[in-house]
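Here is what each chain is made of, one letter per residue.
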Amino acid sequence: MNKKELLKLFFMTALVVLLVPALGAGISRQAETDTAREGAVFAVPVLSAESGFYAEAFELEISAPEGAAVYYTLDGSMPTADSRLYTEPVEISYGSGRESEATFVRNVQSDWMNGEGETHSNMATVIRAVAVYEGGISSEAVTATYFVGQEDNREHLVVSLVADPQDLFGENGIYVTGKEYDEWYLGDRTGDAPAPNFLRHGEEWERPAVMELFQDKSLLQQPVGIRIQGASAREGANKRFSVYARKKYSGSGWFDIPIFGFTAQRTHSFVLRSGFMNGYIQYLVQDRDVASAQSREVLVYLNGALWYITIAQEKYSEKYFEEKYGVDEDNVITAKGGAVDSGKAEEQAMYDSIYDFLNTHDMSAPEAYEQLNRIMDIQSYIDFSCVNVYFANLDYNEYKNTFCWRSRKTGYGEYEDGRWRWGLYDMDLENLDYGVRMEDINTFTMDTHYAGSAFNTRPMYAALKQNALFCRQFVISFMDMVNTDFTVRRAAEAMEDWGVTMEWWGMQPDWVENSFPARTEAVTGYLAEEFGLTGTCEDVSLSVNDTEAGYIILNTMTPDLSEGEWTGSYFTDYPVTVTAVANGGYRFAGWQSNHKSDVGLEQPVLTVEIPEGGVRLQAVFQKVSDS
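In this text, all values refer to a predicted model and were calculated from it rather than measured experimentally. Counting of residues starts from 1 at the beginning of each chain's written sequence and follows it residue by residue. Where local features are concerned, this predicted model is filtered to residues with pLDDT of at least 70; where side-chain atom pairs are given and counted, the filter is 80 or more; whole-chain, interface and lining totals use all residues. Working from all heavy atoms in the structure, the side-chain values ignore hydrogens and water.

It is worth spelling out the overall build of the protein chain at this point. Secondary structure elements are taken from DSSP: a helix is a run of H or I of four residues or more, a strand is a run of E of two residues or more, and numbering for both begins at the N terminus. Tallying secondary structure elements over the protein chain gives 13 helices and 29 strands in all. Evaluated residue by residue, the protein chain yields a buried proportion of 50% over its 627 residues. Contact definition: two residues touch when any of their heavy atoms are within 4.5 Å. Once local pairs closer than 6 in sequence are excluded, the contacts in the protein chain between residues at least 24 apart make up 68%. With residues, only the protein chains shown are counted as cover, and all accessible areas are computed by Shrake-Rupley using a 1.4 Å probe. Carbon and sulfur atoms make up 49% of the accessible area of the protein chain, which amounts to about 29600 Å² in all. Three exposure classes are used, based on accessible area relative to the maximum for each residue type with a 1.4 Å probe and protein chains only: buried under 20%, partly exposed in between, and exposed over 50%.

Here it is as structure tokens:
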């Protein structure tokens, strides 16, 4: 290599040494700029009025962040730079800004050419706005719903769902039949029909939305996911939704406030479903050893259109059982209609072990019954069955409309024992087609075209009924409910506390006063026939000498003694069990009885045969001396 070539190589090397750091710094600065741009939070537009109810129409002003233009929509779609440019205030009035006074959806049923579709009145105004910055960068959208001249609705709980119309009614929309089905339907219809979109399940068929909750004022606004809800209900019009809180939408797997005002319990998801009785019954029996979902009556608006009046109800999920029963969501197994939701063979085997045991053991033996109670919570199964029998639910069996759950692994918590427990599920009571009054239906023996054979022929119940302890436990539990949950007083209080508008659901004002006594009289007769009871029904009366000193547990429930003596009616075929529980600062001193034959009155737990004429017991408590 000559001198000239060496000099050239030297200068090239030096140039590289000088340029590489500069180029690296430039690349680094560009990466930092790109990262900052990706992670930046761009200011959203500011609306001059909050979501809510307004007596009069008004003009809404939208303030644009510095250096940005504002674009907005009025149909629920996500605004872009191709949407309406905000240049002047937007009129907010009754259903303002819409092309028509109604939302019409046609292809919501399989035979939609011959169907009328759905029509929904536009009663609210939904506005969604974004700020678009230089370079076409958009802020997040701000969403609001305005109800003008609808003062009658502000006292009710209102759910407003705002979602892109294409996600609902477009070719891939979850609410309609969809492109694939429609091409088959409008073509020569060769081959099997594709599944309509509204019959499809799973995460793929969940769509983003914004949910806002109102009662007099806005209580909550949160991004959510929505899916079509239900089984056979999907085939009809006015489809219902499941609504989910998820981290990917809002950063949280829970709604920011308790959705159901009766409890401070957090909610992960809920359904918007028809079913007055399904909600009411579950509210009525929350004291029993069976899961029940909270519910509330709601008015549902979809993109500003009043969609329907329905019931919002908690969904059973792993998060539900974590919140209510303290079992970690990752340790919960759920099963519907006898099939575990996970689909895992080893978890299905856990559920099937119930039937494996029943098929291989003599259930009349006390030891077999005790062993089975370590696999399933028999009291939970009994409570589930008693509720369904009392209300003449003819739309369930062991493989339809039943819900079970358990902890996957055992632990130290009360509900971490690995036993299967039951939850009330889909109790819409479709028995009207039978032309039989509810009080005249013998749920034990009546076959049903909804769920097959009669209750007393089903494998689990039939096997358990061979056991004398189960028979006693069932009858006693049933009568405990009759004497507490199903009294006219309790039923009326629950209806009032639940807070529904009975006339909206076609219920007569005196429904409770007429229906419960008639059903109770009839169903206790059916109970006696089913279990071969030969005794009479006699009164059991309970009281305490001081209501501040303690209380009494009767069988599976705690009677209300606040007004003095409590009285319930029980069959004399089985004894009742009473337990005296002293409050702090007091001790149990003994029972007083109207029958001299009663023994063991000094014991806090007493098993009492019911004589002709009934029995009266008082638990006596004494204050503990400080000395």
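Looking at the protein chain, the pLDDT average stands at 89 and 90% of residues meet or exceed 70. Segment residues 1–39: pLDDT under 50, and 5 contacts once partners within four positions in sequence are set aside and those in other chains are kept. A residue's pLDDT is simply how confident the predictor is in it, with values from 0 to 100.

Before going further, it helps to examine the side chain of T125. Among the structural elements, T125 can be located in strand β10 (residues 124–133). Polar contact is defined as a pair of N or O atoms within 3.5 Å, subject to the rule that within protein one atom must be able to donate a hydrogen and the other to accept it, and that residues adjacent in sequence are counted only when both atoms are side-chain atoms. Engagement of the side chain of T125 in a polar contact is seen with the backbone oxygen of S93, the distance being 3.2 Å.

Here we come to the pattern of salt bridges. Only one rule defines a salt bridge in this text: a Lys or Arg side-chain nitrogen within 4 Å of an Asp or Glu carboxyl oxygen. Per the stated rule, a full pass over the model turns up 25 salt bridges. A salt bridge links R154 to E151, with the nearest nitrogen and oxygen atoms 2.9 Å apart. Look at E151 and you get partly exposed, because its relative accessible area is 34%. In this structure, the salt-bridge partner of E439 is R437, at a minimum N-O distance of 3.3 Å. Residue R437 is classed as exposed on the basis of its relative accessible area of 51%.

Below, the discussion takes up the sheet that holds strand β24 (residues 550–554). Read from one edge of the open sheet, 3 strands run β24-β26-β28, paired in antiparallel fashion. Each edge of the open sheet is held by one strand with a lone partner, namely β24 and β28 (605–608). Averaged over all pairs of adjacent strands, the angle between strand axes in this sheet comes to 20 degrees, irrespective of strand direction. One requirement defines pairing of two strands: DSSP has to find at least two bridges between them. Across 4 bridges, strand β26 (residues 576–582) lies against β28 in antiparallel orientation. Within β28, the residue paired with T579 across the bridge is V605. To obtain an axis, a line is fitted to C-alpha atoms, over the contacting stretch when the element is a helix, and the angle between two such axes runs from 0 to 180 degrees between their N-to-C directions.

Here we come to unusual backbone geometry. Positioned with a positive phi, N303 is a non-glycine residue whose angle comes to about 50 degrees. In this fold, N303 is placed in the loop between β17 (295–302) and β18 (305–314). In this structure, N401 is a non-glycine residue whose phi angle is positive, near 55 degrees.

Note on sheets: strands pair through backbone hydrogen bonds, and any given pair is parallel or antiparallel. The strand order across the open sheet formed by 5 strands is β2-β11-β10-β5-β6, and the pairing between neighbours is mixed. What marks the edges here is a single partner per strand, and that holds for β2 (52–54) and β6 (84–85). Pairing between strand β5 (residues 68–73) and β10: 6 bridges, direction antiparallel. Following the sheet pairing, Y71 is matched in β10 by V130.

A few words on the packing of helix α5 (residues 276–284) against helix α12 (residues 488–498). The packing of two helices is summarised by the inter-axis angle and the distance between the axes. One way to put it is that α5 packs onto α12 with a least axis distance of 10 Å and a crossing angle of 115 degrees. Our classification of the angle between α5 and α12 gives roughly perpendicular. Note that α5 runs across α12; the crossing there is right-handed. On α12, the residues touching F276, G279, Y280, Y283 and L284 of α5 are R490, A491, A494, M495, D497 and W498. Three categories are distinguished: nonpolar for Ala, Val, Leu, Ile, Met, Phe, Trp, Tyr, Cys and Pro, charged for Asp, Glu, Lys and Arg, and polar for the others, with Gly belonging to the last. A per-class count over the contact of α5 with α12 returns 8 nonpolar, 1 polar and 2 charged. An angle counts as roughly parallel when it lies under 35 degrees, as roughly antiparallel when it exceeds 145, as roughly perpendicular when it falls between 65 and 115, and as oblique in every other case. With the far helix as reference, a near helix turned anticlockwise by less than a right angle produces a left-handed crossing, and one turned clockwise produces a right-handed crossing.

Helix span is expected to be 1.5 Å times the residue number reduced by one. For helix α11 (residues 468–483), with 16 residues, the first-to-last C-alpha span of 23 Å sits near the 22 Å given by 1.5 Å per residue. With 12 of 16 residues buried, α11 lies mostly within the body of the structure. Within α11, the full set of buried residues consists of F470, C471, F474, V475, I476, S477, F478, M479, D480, M481, V482 and N483. N-capping of α11 is provided by N467, with a side-chain oxygen placed 2.8 Å from the backbone N of L469.

If you check helix α7 (residues 345–360), its first and last C-alpha atoms are 21 Å apart, about what 16 residues at 1.5 Å a residue would give, namely 22 Å. Inspection of α7 places E347, Q348, Y351, I354, Y355, F357 and L358 among the buried residues, and these make up the whole buried set.

Before going further, it helps to examine the environment of V271. By the element assignment, V271 lies in strand β16 (residues 269–273). Considering only alpha carbons, one finds V271 and I226, 45 residues apart in sequence, at a separation of 9.4 Å. Those residues in contact with V271 that sit more than four places away from it in its chain are Q229, F241, S242, I311, A312, Q313 and K315.

Let us look at the environment of A368. Within the secondary structure, A368 is located in helix α8 (residues 366–372). Judged by its relative accessible area of 3%, A368 is buried. Counting along the chain gives 11 residues from A368 to F357, while the straight-line C-alpha distance between them is 8.8 Å. What A368 contacts, discounting residues up to four positions off in sequence, is F357, H361, D362 and M363.

We now examine the pairing of β5. Burial analysis of β5 places 5 of its 6 residues in the buried class, the great majority of the element. Taken together, the 2 bridges between β5 and β6 define a ladder with antiparallel strand orientation. Along β6, the bridge assignment pairs Y71 with L85.

Turning our attention to a negative patch on the surface. On the surface, E59, E61, E88 and E91 cluster together into a negatively charged patch. Position of E91 among the secondary structure elements: in strand β7 (residues 90–92). Surface patches are defined over residues having more than 30% relative accessible area and no salt bridge, joining like charges when they lie within 9 Å and nonpolar side chains (Val, Leu, Ile, Met, Phe, Trp, Tyr) when within 5 Å. Under the convention used here, Asp and Glu are negative, Lys and Arg are positive, and both His and the chain ends fall outside the count. Charged side chains are reduced to one point each, which is NZ for Lys, CZ for Arg, CG for Asp and CD for Glu.

Here the focus is the packing of α11 against helix α13 (residues 511–531). Contact geometry of α11 with α13 gives a least axis separation of 11 Å together with a crossing angle of 175 degrees. It follows from the interaxial angle that α11 and α13 lie roughly antiparallel. The segment α11 lies against α13, with C471, F474, V475, F478, M479 and V482 engaging T520, V523, T524, L527 and F531. Of the residues belonging to the contact of α11 with α13, the class tally is 9 nonpolar, 2 polar and no charged.

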